[in-house]
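The chain contents come next:
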Amino acid sequence: MGFWDSLTSILEKQFVDRALNLSGQHRDFYCEHCRRITDHISISHAASLARINRHEPGTMRLVSRVVGKLNDLNPVQNLLLGRPYRCGTCGRERLD
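Per chain, residues are indexed from 1 in the order of the written sequence. For a predicted model such as this one, the threshold for reporting local features is a pLDDT of at least 70, and the threshold for listing and counting side-chain atom pairs is 80 or more; totals across whole chains, interfaces and linings nevertheless cover every residue. Excluding hydrogens and water, the side-chain values take into account all heavy atoms of the structure.

Asks: What's the story with unusual backbone geometry in this structure? I'm lost.
Replies: Trans is the common state for peptide bonds, and a negative phi is the common state for residues other than glycine. A positive phi angle, near 60 degrees, is found at Arg35, a position not held by glycine. Helix numbering and strand numbering both begin at the N terminus, where a helix is a DSSP run of H or I of at least 4 residues and a strand a DSSP run of E of at least 2. Mapped onto the elements, Arg35 comes out in the loop between β1 (26–31) and β2 (36–42). Only protein chains enter the accessibility calculation, which uses a 1.4 Å probe. A residue is then buried if its area is under 20% of the maximum for its type, exposed if over 50%, and partly exposed in between. Taking the relative accessible area as the measure of exposure, Arg35 reaches 67% and is therefore exposed.

Asks: What is the right way to read the side chain of Asn53 from this model?
Replies: With respect to the element layout, Asn53 can be found in the loop between α2 (45–52) and α3 (58–73). The class for Asn53 is buried, based on a relative accessible area of 12%. Side-chain polar atoms of Asn53 contact the side chain of Ser64, separated by 3.4 Å. Excluding anything up to four places from it in sequence, Asn53 contacts Arg61 and Ser64. In protein, a polar contact requires one atom able to donate a hydrogen and another able to accept it; more generally it is a pair of N or O atoms within 3.5 Å, and residues adjacent in sequence count only if both atoms are side-chain atoms. What makes two residues a contact is simply this: any of their non-hydrogen atoms within 4.5 Å.

Okay, here's the thing in structure tokens:
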């Protein structure tokens, strides 16, 4: 395998990994709340919105759940804004 084949393979893997929102993947990021590098776990957009809107009325939670599920299927959301990750130590969320 040549240099360009290796480079193409790496770029394809990075693109597919970023475009698809696979929950449960672990990555190390700097957490501003913990002030250190911690293990972060990828979560779905639906789970992220559910956590944000947990104190809203039931209809708002239902709408946010539907929007979150659609965002999980939409690779453009992940490519433009990033995938949601939750800190394994403090539970704060961030986008990558």
